[in-house]
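Geometric and topological summary
Each chain, written out:
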Amino acid sequence: LFAFVLSALNSTAQYGWNAVKVFDFDAEDKVYNMYIDSVGGADGDAVFCFQSDSTNRLIKTDLYGEIIQISDNPYRAFTVFNGDTLVSAADAVINIKSGDSVFIAPHDYIIGDITSNSFAAYVVVMTPYRIEKRFLIVDCIKGKSIINTIIPLGICCSEEGVYYMTNGFVNYVDVNGDNRAQTTASVKDPAGITYYKGSLYVYSNADKVVYKLQPSDENSVYSFIDSKINYEPVHYGLDGRIIDSSAPGIHVIRYPDGSV
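Conventions adopted
- Residue numbers restart at each chain and count upward from 1, following the sequence in its written direction.
- Residue-level local features of this predicted model are given only where pLDDT is at least 70; pairs of side-chain atoms are given and counted only at 80 or more, and the full residue set underlies all totals for whole chains, interfaces and linings.
- Each side-chain value is worked out from all heavy atoms of the structure, with water and hydrogens disregarded.
- By definition, any uninterrupted DSSP run of H or I lasting at least four residues is a helix, any uninterrupted run of E lasting at least two residues is a strand, and each is numbered from the N terminus.
- Buried, partly exposed and exposed residues are distinguished by accessible area as a fraction of the type maximum, computed with a 1.4 Å probe on protein chains only: under 20%, between the cut-offs, and over 50%, respectively.
- Contact definition: two residues touch when any of their heavy atoms are within 4.5 Å.
- Computed with a 1.4 Å probe, the accessible areas rest on the Shrake-Rupley method; for each residue, only the protein chains presented here act as cover.
- Residues form patches when they are more than 30% accessible in relative terms and have no salt bridge. Like charges link within 9 Å. Nonpolar side chains (Val, Leu, Ile, Met, Phe, Trp, Tyr) link within 5 Å.
- The term salt bridge refers to a pairing of a side-chain nitrogen on Lys or Arg with a carboxyl oxygen on Asp or Glu at a separation within 4 Å.
- Should DSSP find at least two bridges between two strands, the strands are regarded as paired.
- Orientation is described by axes fitted as lines to C-alpha atoms, over the contacting stretch for helices, and by angles from 0 to 180 degrees between their N-to-C directions.
- Each residue gets a pLDDT score, which is the predictor's confidence in that residue and runs from 0 to 100.
- Here a polar contact is taken to be a pair of N or O atoms separated by no more than 3.5 Å, where protein atoms must pair a possible hydrogen donor with a possible acceptor and residues adjacent in sequence count only if both atoms sit in side chains.

Helices and strands together make up the secondary structure of the protein, namely two helices and 22 strands. Classification of the 260 residues of the protein by burial places 46% in the buried group. Across the protein, the fraction of contacts at a sequence separation of at least 24, relative to all contacts at a separation of at least 6, is 42%. Accessible surface computed for the protein: about 12900 Å², of which carbon and sulfur atoms make up 51%.

Laid out in structure tokens, this is it:
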């Protein structure tokens, strides 16, 4: 099954994406994750947040790479989901405010990176196999695995789905795990991938550079999804956000041919 999934993903890989330099940034340490926040930015501007490895620092910069703040890194892997901070522990995802376990990993599985959108949180779970490890991306809220993959080098999500880096590739899987896509992106030693206002950004430990990823013939992230995936009907709530097809209430349904 795993080999079949990989084959299906590879069959969708078409042209490569361009990695466009945004700014140089040397953390003087290996960066293991990068994400974008607007807290502390002027007028809600994006703030790039770099989590360093051995020094355990959180370094925040503006859009031009100028350092705004350096502090101790509060959590190795965390995300903010509907106002609550969720932290990846060794075998569980913990809500810091309540202390409750949002998700508990299966026996001997190890929890890694975590990301979220407005209605779900997704965590990377590593299988305990010694010879050849597997990585699952799991919807913490539903307790459902949406994809089985090789080691992800960064993970983020939009409202529509999850993006993650593997060596030489950008991968996408929708929120239900039904539709997947993959394309090449030549970023050396990537660390973290983040989604902001319709674009993807990746940090390269090799180049010490933040790159913006752009399709070679389009400028929108959505072209990657739309051109590579044959969609099932997509259900939206009245607030314009994607919802599960079984959710109660009024649905606005977009079909693969574009009709609504």
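Once that is clear, we can look at a nonpolar patch on the surface. There is a patch of nonpolar side chains on the surface, built from Leu-238, Ile-250, Val-252 and Val-260 and spanning about 430 Å² of accessible area. Within the secondary structure, Val-252 sits in strand 22 (residues 252-254). The class for Val-252 is partly exposed, based on a relative accessible area of 34%.

Another point: the pairing of strand 3 (residues 47-52). Counting buried residues along strand 3, six of its six residues qualify, which places the element largely inside the surrounding structure. Of the two faces of strand 3, the one lined by Val-47, Cys-49 and Gln-51 and the one lined by Phe-48, Phe-50 and Ser-52 are each fully buried. As paired elements, strand 2 (residues 31-37) and strand 3 share six bridges and run antiparallel to each other. Directly across from Met-34, in strand 3, lies its bridge partner Phe-50. Here strand 3 runs beside strand 4 (residues 57-61); their pairing, made up of four bridges, is antiparallel. When the bridges of strand 4 are listed, Cys-49 appears paired with Lys-60.

Once that is clear, we can look at the sheet that holds strand 20 (residues 209-215). Think of a sheet as strands paired side by side through backbone hydrogen bonds, with each pair either parallel or antiparallel. Across the sheet, which stays open at both edges, the four strands sit in the order 1-20-19-18 with antiparallel pairing between neighbours. Because the sheet does not close on itself, it has two edges, and the strands there are strand 1 (17-24) and strand 18 (190-196). Neighbour-to-neighbour, the strand axes of the sheet open up by a mean angle of 30 degrees, direction not taken into account. In this structure, strand 19 (residues 199-204) lies alongside strand 20, joined through five bridges in antiparallel fashion. Directly across from Tyr-203, in strand 20, lies its bridge partner Val-210.

Although it is not a glycine, Asn-56 sits at a positive phi angle of roughly 55 degrees. Tracing the backbone shows Asn-56 in the loop between strand 3 and strand 4. You can call Asn-56 partly exposed: its relative accessible area is 35%. Even without a glycine there, the phi angle at Lys-208 is positive, about 60 degrees.

Before going further, it helps to examine the confidence of the model for the protein. Looking at the protein, pLDDT values average 82 and 82% of them are 70 or higher. Within the model, pLDDT remains below 50 along residues 1-14, and this stretch shows 21 contacts once partners closer than five positions in the same chain are excluded. Note that residues 227-231 has pLDDT below 50 and, in this model, 17 contacts with residues that lie over four places away or in other chains.

This part is about the environment of Pro-74. The residue Pro-74 is located in the loop between strand 5 (67-72) and strand 6 (78-81) in this model. As a C-alpha pair, Pro-74 and Leu-58 span 16 residues in sequence and 7.9 Å in three-dimensional space.

Position of Gln-51 relative to the elements: it lies in strand 3. Take Gln-51: its relative accessible area is 1%, and that puts it in the buried class. A polar side-chain atom of Gln-51 sits 3.0 Å from a polar atom in the side chain of Asn-73. If near-sequence neighbours (up to four positions away) are discounted, Gln-51 is found in contact with Lys-30, Val-31, Tyr-32, Asn-33, Tyr-35, Arg-57, Leu-58, Asn-73, Tyr-75, Arg-76 and Phe-78.

Applying the stated criterion across every chain, the model contains three salt bridges. The partner of Lys-21 in a salt bridge is Asp-24, with the nearest N and O atoms 2.8 Å apart. Across the pair Asp-53 and Arg-76 runs a salt bridge whose closest N-O atoms are separated by 3.3 Å. With Asp-53 in the loop between strand 3 and strand 4 and Arg-76 in the loop between strand 5 and strand 6, the pair connects residues that are 23 residues apart, well separated along the chain. On the accessibility criterion, Asp-53 (32% relative accessible area) is partly exposed. Given a relative accessible area of 46%, Arg-76 falls into the partly exposed group.

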